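Residue-level structure breakdown
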Amino acid sequence: MKIAVTGSKGLLGSNLVENWGCVPIDCDVTDPQNVKYQLHKISPDVIIHTAAETNVDWCEKHPREAFEVNVRGTCNLIDVFHKGLFIYISSVHVFGGDKFYTYSEQHKPDPVNQYGFTKWAGEAVANMGTCKTIVVRASKLFDEDIMRIGLKDLKEGVPQEHPDFITRSFTYIPHFIQSLMKLIEIQETAPPIVNIASTDTWSHANFWRMTAHILGYDEKLIIHRKKDTGGVPRPWHGGLNTSLQRNLGLGSYSTVDGLNIVKEILG
């Protein structure tokens, strides 16, 4: 089975290529001809579509450009990829984050920012093709590389401030990918939407406080910010319910499981 990945230089895509042997689809997804050429050249059995504009502030300031990548780019792939499995990586940002603490696959999207809107629209477009599509929603992905600035500050004793009012299911990237690969194995019986996330939900501040605790740094360096300072709205509660993930046999991992591996890697 040939698994190809868009966004191969991004956070998730690069890990899939470097550590899981996935084939990179090196193209501008907003260019239909380039997409067509690359897909015919690679002829994948599975596409994991990770390419997206994910910077929430940037998307809010550039809604047209965000739409071109996150929605039209998805449409360009679906227009060419007619047979096989298409996995669309979506986000908890499709939800408003003010009604529930965690969100299941059955909750109705109600995004509060442009990024969330484009991911919701991308989900809809992904389901318009003739191939089998599975929407995979993620909450907050992390690994030691993404955390390097915060970890450097902790090591050097520099205080850092994190919001206490934004909650996410912080998921270690290799754990996320392991579940993703198991989902591909059961694709024939898989439902159209699946949450893949850690089993627990933390505020950003408590995530970093736990990080400091596990890695042996001073927890007092983590300052809890209690109030929103304005800016682009976010889903404050952004945890994902993982009951379906567990019932499908896709694995069950906690945030602490991931942080313990980070500790082992960093020595």
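Presented here is a report on the structure given in the accompanying data block.

A few points about the sheet that holds strand S12 (residues 202-203)
The strand order across the open sheet built from four strands is S5-S14-S9-S12, with neighbouring strands paired in mixed fashion. Taken across any chain shown, the strands that pair with only one partner, and hence form the sheet edges, are strand S5 (102-103) and S12. With two bridges joining them, strand S9 (residues 167-168) and strand S14 (residues 237-240) adopt parallel strand pairing. Paired with Thr167 across the strands is His237, a residue of S14.

Thoughts on the sheet that holds strand S6 (residues 132-138)
Across the sheet, six strands lie side by side as S2-S1-S3-S4-S6-S11; this open sheet has parallel pairing. The strands lining the two open edges of the sheet, one partner per strand, are strand S2 (23-24) and strand S11 (193-195). The sheet contact formed by S6 and S11 spans three bridges and is parallel. The partner of Val136 across the bridge, within S11, is Val194.

Things to note about the nonpolar core
In this structure, Leu16, Ile48, Val136, Phe176 and Leu180 are the most contacted members of the largest nonpolar core, which totals 25 residues. Elements with a minimum of two residues in this core: strand S1 (3-6), helix H1 (11-20), strand S3 (46-49), strand S4 (85-91), S6 and helix H7 (173-185). Aside from chain neighbours lying at most four places away, what touches Val136 is Ile87, Tyr88, Ile89, Ser90, Phe176, Leu180, Leu183, Val194 and Ile196. Ranked by size, the runner-up nonpolar core spans 19 residues in total, among them Val35, Leu77, Ala126 and Val135.

What counts and how
Residues numbered from 1 in each chain as written. Predicted model: local features only at pLDDT ≥ 70, side-chain atom pairs only at ≥ 80, totals over all residues. Heavy atoms only, no water. Pairing = 2+ DSSP bridges. Helix = DSSP H or I, 4+ residues; strand = E, 2+ residues; numbered from the N terminus. Core = buried A, V, L, I, M, F, W, Y, C linked by side-chain atoms within 4.5 Å. Buried < 20%, exposed > 50% of the residue type's maximum accessible area, 1.4 Å probe, protein only. Contact = heavy atoms within 4.5 Å.

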